[in-house]
Amino acid sequence: MKTIIEPFRIKSVEPIYFTTKEERKAILAKADYNSFRIKASDILIDLLTDSGTSAMSSNQWAGIMLGDESYAGSNSFFKFEDSVRSITNMTYIIPTHQGRASEKILFTVLGGKGKYFISNTFFDTTRANIEFSGAEGIDCICEEGRHPTTAAPFKGNMDIAALRKAIEEKGAANIPLVMITITNNSGGGQPVSMQNIREVRAVCDEFHIPLYIDACRFAENSYFIKLREEGYADKPVPEIAREIFSYADGCTMSAKKDAFANIGGFLAMQDLDLAIRCRNLLIITEGFTTYGGLAGRDLEAIAIGLQEVMDEHYLQYRIRSMEYLTNKLIEAGVPVMQPAGGHAVYLDAKEFLPHIPVDQYPGQSLVCALYEEGGIRAVEIGSLMFGKYDDNGKLIPATLELVRLAIPRRVYTQSHIDYVAEVIIEVFNKRNELKGMVITEETPLLRHFTAKLAPQPQTLNAQP
Ligand SMILES: *Cc1c(COP(=O)(O)O)cnc(C)c1O
């Protein structure tokens, strides 16, 4: 087989910023060893997130110029609505400024104390919006999804028995909806099979519970189904996507992911009564129903991006990029999550740095080393992000200590990815020199965004 190439050529370029290792050491210290505190202009390859970081196409930029900024009933809204409907077949389509705004509206209307929502895995903003309403979120991820380094084709699947058990336990009347996240972001971008979606639908039907899709990466998930699920190899991706949505009563979407947009999202549903209640909230918090917190030009970019993302040459290149980097790392013996997910590569920091105890944040130590060695920005997904303290101030660590390298869409080329692999392998070869970290300052909530850290050893003068 020939090399899978980037399915685009480059018309407009943006500089990346070279620094020396000495400079990066100083930058890291100044940023208190937290990658969120580093200025973007000090980063060479930015793999912090795939959200809102996509390169738009020439068509999308042309669409920007066609943006109709009318307050009500703009042309751009109708293009947006047509595009979303052509994929989801939803009747009521509500634009929002990003995914969490859709969640905030949906769960404010449906949530509240005594309510339960069930998912394969709720993404963190989704869970936060559920809990903020007073309701509870329950994750029912399948067994394979719990083992990061064991390969399986659909590790994002819902555990059907656990779903049924949760419904019976909490009572169907207290469960306003079940939600499937495709691909499962918090579980490493692992896909959900069509078979699993059908089975979840059947359980929902049995208990008369609506099924919603968190559709942020619907195209990547559809392509995995095409590659891995029997009976789908010859089906076009748009057809697979339409089948997924045919089982759903509604969906939420962040257009910052699989719509190649830098901002935007939507909420869509079949239920008129619910749509009216959501639109009422939308008008208070986001804007009028035909723009929902977005400029007309954003609606144009999303309308176009949603169609472009289903191009199979693009999806082949996209999924192959993750696999390519993952395989290079596996060959070098680097512990990495398997199989490759749809949007990111995850390093297993516990295995990478077995000499650093979890209360010294091995993931963050690795994040810092990747920056210092090669100017790469990654993010820790482990005890810095999810750790809590017990009553004695002792860390309750996260289950996994991962470092995520999220790949922006259409932004980096194969040589960038080769460089990333080289840097990771270089750090791996001198992993014994890496030191643990200590937190010197933190906030009680979402501390990873702003926490200050320092390398060990360090006097612990600011521990809670
Ligand atoms: C990013 C994301 C969201 C939230 O979307 P924002 O646009 O960041 O608010 C929700 N669900 C999943 C699976 C996501 O990846």
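Look up: the structure comes first, before these words.
The rules behind each value
Residues numbered from 1 in each chain as written. Predicted model: local features only at pLDDT ≥ 70, side-chain atom pairs only at ≥ 80, totals over all residues. Heavy atoms only, no water. Near = heavy atom within 4 Å. Polar contact = N/O pair within 3.5 Å; in protein donor to acceptor, adjacent residues only side chain to side chain. Areas by Shrake-Rupley, 256 points an atom, 1.4 Å probe, with all protein chains shown as cover. Helix = DSSP H or I, 4+ residues; strand = E, 2+ residues; numbered from the N terminus. Nonpolar A, V, L, I, M, F, W, Y, C, P; charged D, E, K, R; others polar. Phe/Tyr/Trp six-rings, centres within 6.5 Å; stacked < 30°, edge-to-face > 60°. Lys NZ or Arg CZ within 6 Å of the ring centre and 35° of its normal.

## What to know about the site of the ligand
Phase 1 of the analysis: Taken together, 14 residues sit near the ligand, with Arg-100, Asn-185, Asp-214, Ser-254 and Lys-257 positioned nearest.
Phase 2 of the analysis: Between the ligand and Asn-185, the relevant distance is 2.8 Å, taken from an oxygen atom to a side-chain nitrogen or oxygen of the residue.
Phase 3 of the analysis: For the ligand, a nitrogen atom lies 2.7 Å from a polar atom in the side chain of Asp-214.
Phase 4 of the analysis: Contact with the protein chains hides 98% of the accessible area of the ligand, taken as 380 Å² for the molecule alone.
Phase 5 of the analysis: In terms of residues, the shell around the ligand owes the most to one element, helix H4 (residues 99-110), which gives 3 residues.
Phase 6 of the analysis: The residue makeup of the shell around the ligand, split by class, is 2 nonpolar, 6 polar and 6 charged.

## Observations regarding the packing of aromatic side chains
Phase 1 of the analysis: Across all of its chains, the model carries 12 aromatic pairs by this definition.
Phase 2 of the analysis: Plain terms: the ring middles of Tyr-71 and Tyr-291 are 5.0 Å apart, the flat faces sit at 70 degrees to each other, and that makes the pair edge-to-face. Of this pair, Tyr-71 sits in the loop between helix H2 (58-66) and helix H3 (75-88) while Tyr-291 sits in the loop between helix H10 (272-285) and helix H11 (296-308), and the two are 220 residues apart along the sequence.
Phase 3 of the analysis: Taken together, the ring pairs in this structure connect Phe-8, Phe-260, Tyr-314 and Tyr-317 into an aromatic cluster.
Phase 4 of the analysis: Lying across the ring of Phe-260, Arg-410 places its NZ or CZ 3.5 Å from the centre.
Phase 5 of the analysis: The aromatic ring of Phe-428 is capped on one face by Arg-431, whose charged end is 3.9 Å from the ring centroid.

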